[in-house]
Amino acid sequence: MIGNPAYPSYQVFLAVAVAALITAVAMPFFIRMMRKDGIGQQIRADGPESHLVKQGTPTMGGVVMLVAVVVTVALIAKWTPDLILAVLAMLVTGSLGLLDDIESVAHKRSLGLTPSQKMVGLITISVVFCLAAVNWAGIDAVVRFPGGLAIDLGVLTTTFTVGGASIAVPWLYIFFVFLLMAGLSNAVNLTDGLDGLAGGCTMVVMAFMAMVALSCDDIDLAIFAASIAGACVGFIWHNCNPASIFMGDTGSLALGAALAALAVLTKTEFTSLIMGGLFVCEALSVIIQVVSFKTTGKRVFLMSPIHHHFEKLGWAETKVVTRFWIVSAVFAAVGFALYFQLG
């Protein structure tokens, strides 16, 4: 372990620096490898015409980000049950995204795995994560809201005995965790449509989540969140407009799952949705667009997700990204403030 455990905030800042350095230094080697093998991003044919020039840009940069996070955590943090669960949730979901990226590249199309294949993967990951969090890490099934309101989702719990060990299955909470993990994973994935957008927004949210974990006296989860923020910093160095590499579903699905895992393990499920409000808005814009078109034949936005709507309005890509970073920071700050109102 590097750093001084007697100074938790120092450990957190160190994690940011180490992860950022690893990602920024390792990414050029990964980019060259992707270019040598001819592995590039497939752009949606129905997307903005200005994005067609991005066809063939190296992708799957999330691989480097995940490696940087794991290495940083291994160097600075202690492997507690909470940390192990958070890291595994990130890595397994990232592996699902990697399969999606490989399918996309192999078949030269913008879509990889089918929606049903992704859904089966996310259901499996979220159920296993929830059961481990409740039965191994001792997480309760109560969802807390500002003002002292709390809802116990463990009221419908079945206990099974397997090999002499009791396993509690809180059915309502499992369903809730699935919605949270699948929702945030897909929301970050939808946000990953402009150079630097998903990376920058995740960087901001994870910085605040590190502070949440610190306030919970969970230094190891704080280091984990800070490592992700640092990896995003290193990634943005190469992903800023015009991007030299994209994170792919490998990165976006993993980052969303990591945020969901942190929310469950720090018991901030509700406030995490506020802190990640930009991601929620991106996902809602797609839902609203689809529902509106199917029911009325009319579109609410010029194009969804919503960042494309502003592009269609004539905003430069860099302006959209910068302003969305600011909006993300405001959401994160509001969510962080509400966190202290939890009962």
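How each quantity is defined
Residues numbered from 1 in each chain as written. Predicted model: local features only at pLDDT ≥ 70, side-chain atom pairs only at ≥ 80, totals over all residues. Heavy atoms only, no water. Axes fitted to C-alpha atoms, helices over the stretch in contact; angles between N-to-C directions. Helix = DSSP H or I, 4+ residues; strand = E, 2+ residues; numbered from the N terminus. Parallel < 35°, antiparallel > 145°, perpendicular 65-115°, else oblique. Left-handed = near helix turned anticlockwise from the far one by under 90°. Contact = heavy atoms within 4.5 Å. Nonpolar A, V, L, I, M, F, W, Y, C, P; charged D, E, K, R; others polar. Polar contact = N/O pair within 3.5 Å; in protein donor to acceptor, adjacent residues only side chain to side chain. Buried < 20%, exposed > 50% of the residue type's maximum accessible area, 1.4 Å probe, protein only. Expected span 1.5 Å × (residues − 1). Phe/Tyr/Trp six-rings, centres within 6.5 Å; stacked < 30°, edge-to-face > 60°.

(A) The packing of helix H6 (residues 197–215) against helix H12 (residues 317–339), seen in detail. Their axes nearest at 9 Å, the elements H6 and H12 cross at an angle of 15°. When the axes of H6 and H12 are compared, the pair comes out roughly parallel. In this structure, the crossing between H6 and H12 has a hand that is right-handed. Contacts from Leu197, Gly200, Cys201, Val204, Val205, Phe208, Met211, Val212 and Ser215 of H6 reach H12 at Val321, Phe324, Trp325, Ser328, Ala329, Ala332, Ala333, Phe336 and Tyr339. Residue classes in the contact of H6 with H12 are distributed as 15 nonpolar, three polar and no charged.

(B) Here's a closer look at the side chain of Ser185. Note that Ser185 resides in helix H5 (residues 171–191). Within the structure, Ser185 has its side chain in polar contact with the backbone oxygen of Met181 (distance 2.8 Å). From its side chain, Ser185 meets the backbone oxygen of Leu253 in a polar contact 3.4 Å long. Residue contacts for Ser185: discarding those within four places in its chain leaves Thr93, Leu122, Ser252, Leu253, Gly256 and Ala257.

(C) Representation of the side chain of Thr266 in the model. Within the element layout of this structure, Thr266 appears in the loop between helix H8 (248–265) and helix H9 (269–275). Classification of Thr266 by relative accessible area gives buried; the value is 8%. Side-chain polar atoms of Thr266 contact the side chain of Thr268, separated by 2.8 Å. Setting aside anything within four residues of it in sequence, one finds Thr266 in contact with Met209, Val212, Ala213, Cys216 and Leu221.

(D) Focus on helix H10 (residues 277–296). Compared with an ideal rise of 1.5 Å per residue, which puts 20 residues at 28 Å, H10 spans 27 Å between its outermost C-alpha atoms and is within 8% of the ideal. What H10 keeps buried is the set Gly277, Leu278, Phe279, Glu282, Ala283, Ser285, Val286, Gln289 and Ser292. Tucked inside the fold, the buried residues of H10 contact H5, H6, H8, H9, helix H11 (306–312) and H12. Directly after H10, the chain includes Gly297, whose backbone phi takes a positive value near 80°.

(E) Quick look at the packing of aromatic side chains. A full pass over the atoms with the stated rule returns eight aromatic pairs. Ring centres 4.9 Å apart and planes at 55° place the aromatic pair Phe145 and Phe270 in the tilted group. You can see Phe145 sitting in the loop between strand S1 (142–144) and strand S2 (150–152) and its partner Phe270 sitting in helix H9, a full 125 residues away along the chain. Relative accessible area serves as the criterion here: at 26%, Phe270 is assigned to the partly exposed category. Judged by centre distance (5.8 Å) and plane angle (80°), the rings of Phe310 and Phe324 are edge-to-face.

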